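# Chain and residue survey
Letter by letter, the chains look like this.
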Amino acid sequence: MIKAENLVRKFGTSLAVNNISFEVKEGENLILLGTSGCGKTTTLRMINRLIAPDSGTIFLDGVDISTRQPEELRRGIGYVLQSHGLFPHYTVAENIAIVPRLLKWKNEDIRKRADELFHKLNLDPALADKYPAALSGGQQQRVGLARSLMVNPPVLLMDEPFGALDNLTRISIRKEFRALDELVKKTVVMVTHDVQEAFEMGDRICLMDKGEIKQIGTPEDLLFHPANDFVANFFKEQRLQLELKSVPIAELLPGYPDQKITVWERMEQLLNVDQAADSPENLSDNSSNSPDAIHIEELMRAFSAYKKQ
Ligand SMILES: Nc1ncnc2c1ncn2[C@@H]1O[C@H](COP(=O)(O)OP(=O)(O)O)[C@@H](O)[C@H]1O
Ligand SMILES: [Mg+2]
């Protein structure tokens, strides 16, 4: 869907992006990960032509984007920013209607699509007539996402979309975003400096440093097969949690019904189950031999056996 070839971008004499190439498949979530100043935002903004590369080419669906009208190009590319980017003097409803109005959608169609997104994003319909300042950070971020999804663009670019939120809001909102059917189908490129976020949201991660790509691959690739010392060191501190987030349950429990979830997600499920099990009606339910009955300790044992392999 997206193919970037040998992108270079300088600001003055400093190289913000130094000859990088990558591809994003249709429906994939690619995370641009790295510390502040490594060139993530510059890379992202070259994809919707907010920044022009000094050299190199980006293809979208096989077409060189430099041959397209920027405005027309951007209609097919949603863009979500850290500071939601809502206009303060427009109501929420007016904010999310901006692009559909430019496209001359009927009022009724705008309202229908807005209702649908409000519902999917767990936004109270009463917020539609409020101004952005009256909303919480999490609500503003949901509205920002709703706005970017209104005309259903096939590609979505997100720059630190959870960066302005407190830690708890951020964890729950990114879980929700990940499960959203509207996002599952889309080709997404997301920028973050948060390693845990990258591992939770990314099909693949592109780890950058000083304008260069250090490695691009699945979370498992980066953790278990780091291409160089930089990559290995980058994940050192948070290694255990990242490993649990990167290994699919299928590799430990081949019979488990939901093969896509990670060991980490399975542990979260077990913790919830354990809470529910405290109630008396669940006490007799511990004898099952189904994979669901596996305990955290067993899971950890299976996980260390897996790691030894
Ligand atoms: N408009 C600009 N003018 C001058 N320097 C810039 C500009 N935008 C980015 N840079 C520089 O380019 C480098 C990469 O920036 P950026 O892509 O924003 O990094 P990141 O998003 O990874 O934090 C940084 O050194 C930054 O200071
Ligand atoms: Mg940035």
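Residues numbered from 1 in each chain as written. Chains lettered and ligands numbered in written order. Predicted model: local features only at pLDDT ≥ 70, side-chain atom pairs only at ≥ 80, totals over all residues. Heavy atoms only, no water.

Under an unreviewed UniProt entry, the chain has the name Osmoprotectant transport system ATP-binding protein and belongs to Pedobacter cryoconitis. What UniProt states about the chain under its Sequence similarities (unreviewed entry) heading is, verbatim, "Belongs to the ABC transporter superfamily." (UniProt positions renumbered as here; feature names shortened; annotations may be inferred.)

Now for the side chain of Glu 28. For Glu 28, the position within the fold is in the loop between β2 (14-24) and β3 (29-33). A polar contact of 2.6 Å, which involves the side chain of Glu 28, links it to the side chain of Arg 204. Not counting residues within four places of it along the chain, the set of residues in contact with Glu 28 comprises Glu 23, Lys 186, Thr 187, Val 188, Asp 203 and Arg 204. (Helix = DSSP H or I, 4+ residues; strand = E, 2+ residues; numbered from the N terminus. Polar contact = N/O pair within 3.5 Å; in protein donor to acceptor, adjacent residues only side chain to side chain. Contact = heavy atoms within 4.5 Å.)

Near ligand 1, the surroundings consist of Phe 11, Ala 16, Thr 35, Ser 36, Gly 37, Cys 38, Gly 39, Lys 40, Thr 41 and Thr 42. Cys 38 is positioned such that a nitrogen or oxygen atom in its backbone is 3.2 Å from an oxygen atom of ligand 1. Between ligand 1 and the protein, one listed contact pairs an oxygen atom with a backbone N or O atom of Gly 39 at 3.0 Å. Considered on its own, ligand 1 offers 560 Å² of accessible surface; in the complex 54% of this is hidden by protein. Per-element accounting of the shell around ligand 1 gives the leading share, three residues, to helix α1 (residues 40-47). (Near = heavy atom within 4 Å. Areas by Shrake-Rupley, 256 points an atom, 1.4 Å probe, with all protein chains shown as cover.)

With eight bridges joining them, strand β1 (residues 2-11) and β2 adopt antiparallel strand pairing. Bridging across to β2, Ala 4 finds its partner in Phe 22. The hairpin formed by β1 and β2 contains two residues between the paired strands, and Gly 12 there has a positive phi angle of roughly 60°. Two strands pair when backbone bridges link them, and β1 and strand β4 (residues 55-60) are joined in this way by five bridges, in the antiparallel orientation. Residue pairing in the sheet places Lys 3 in a bridge with Phe 59 of β4. (Pairing = 2+ DSSP bridges.)

The next thing to look at is the environment of Thr 169. Turning to its location among the elements, Thr 169 is positioned in helix α6 (residues 167-179). With 25 residues separating them in the primary sequence, Thr 169 and Asp 194 have C-alpha atoms 15 Å apart.

Looking now at the packing of helix α3 (residues 92-102) against helix α5 (residues 137-149). The geometry of α3 relative to α5 is characterised by a closest axis approach of 8 Å and an angle of 30° between their N-to-C directions. With respect to α5, the element α3 is oriented roughly parallel. Helix-helix and strand crossings are classified by hand; for α3 and α5 the assignment is right-handed. Residues Val 92, Asn 95, Ile 96 and Ile 98 of α3 pack against Val 143, Ala 146 and Arg 147 of α5. Across the contact of α3 with α5, the residue classes tally to five nonpolar, one polar and one charged. (Axes fitted to C-alpha atoms, helices over the stretch in contact; angles between N-to-C directions. Parallel < 35°, antiparallel > 145°, perpendicular 65-115°, else oblique. Left-handed = near helix turned anticlockwise from the far one by under 90°. Nonpolar A, V, L, I, M, F, W, Y, C, P; charged D, E, K, R; others polar.)

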